[in-house]
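One-letter residues, chain by chain:
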Amino acid sequence: GPGKRCLEVGAGGGAIAFWLAERVAPGGSVVATDLETDFLEAAASRIPTLDVLRHDLTKEALPGGFDLAHARYLIEWLPKRRDALRRMVEALQPGGALLIEEPDFVTTLEAAEPPSLRRVMRAALDHLESISSVDVRYGRHLLDDLTAYPVTAVVANAVPFASITTA
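Residues numbered from 1 in each chain as written. Predicted model: local features only at pLDDT ≥ 70, side-chain atom pairs only at ≥ 80, totals over all residues. Heavy atoms only, no water.

1. Details of the packing of helix 3 (residues 81-90) against helix 6 (residues 138-146)
Then, in step 1: Where helix 3 contacts helix 6, the axes come no closer than 11 Å and their chain directions differ by 55°. With respect to helix 6, the element helix 3 is oriented oblique. Taken as a pair, helix 3 and helix 6 cross one another with a handedness that is right-handed. Across from Arg81, Arg82 and Leu85 in helix 3, the residues of helix 6 making contact are Tyr138, Leu142, Asp144, Asp145 and Leu146. (Axes fitted to C-alpha atoms, helices over the stretch in contact; angles between N-to-C directions. Helix = DSSP H or I, 4+ residues; strand = E, 2+ residues; numbered from the N terminus. Parallel < 35°, antiparallel > 145°, perpendicular 65-115°, else oblique. Left-handed = near helix turned anticlockwise from the far one by under 90°. Contact = heavy atoms within 4.5 Å.)

Laid out in structure tokens, this is it:
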């Protein structure tokens, strides 16, 4: 809301950062971080409530005092996930909220139909894990990792991916 200070970690193309920047005006601000910030910097010049910070969450502390810190589809890719979560928790002011959105691809895989699609998805996930540090099951482990920090409440919400059937 207006006047709030928000942090968007791993902002990517900026969709969430831009959305937040609209909602914190007047008087608020959004800090969008990423390893690569060229696109964000170009957009930030036109958005007065948006600041951009080139930042490596795996190595550097974040600025502090935020009402909200958010990351989407990021933590599962990092080699030291708990360190990244700790840095985000430390960036919050007392009473601040941390919102982490991480997928659990295994649940999606189990629901996939027909079985041939499951086999293709399983092969893709196995390949992804073999070439990177991603944990395709991290959505299932996030809650446990968050309870390791001095927070007053941790809430988890599982939202299934939507599926459609064509005639």
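2. A look at helix 6
Then, in step 1: All of the buried residues along helix 6 are Tyr138, Leu142, Asp145 and Leu146. Seen from one end, helix 6 has its buried residues packed into an arc of 85°, which puts them on one side.
Then, in step 2: Turning to helix 6, the residues buried within the fold contact helix 3 and strand 5 (92-101). (Buried < 20%, exposed > 50% of the residue type's maximum accessible area, 1.4 Å probe, protein only. Arc of directions from axis to C-beta.)

3. Focus on the pattern of salt bridges
Then, in step 1: Counted under the stated rule, the structure contains 11 salt bridges.
Then, in step 2: A salt bridge links Asp56 to Lys59; the shortest N-O distance between them is 3.9 Å.
Then, in step 3: Residue classification places Asp56 among the buried residues on the basis of a relative accessible area of 17%.
Then, in step 4: The salt bridge partner of Arg82 is Asp145, with a shortest N-O separation of 2.7 Å. Here Arg82 is found in helix 3, whereas its partner Asp145 is found in helix 6, with 63 residues between them in sequence. (Salt bridge = Lys/Arg side-chain N within 4 Å of Asp/Glu carboxyl O.)

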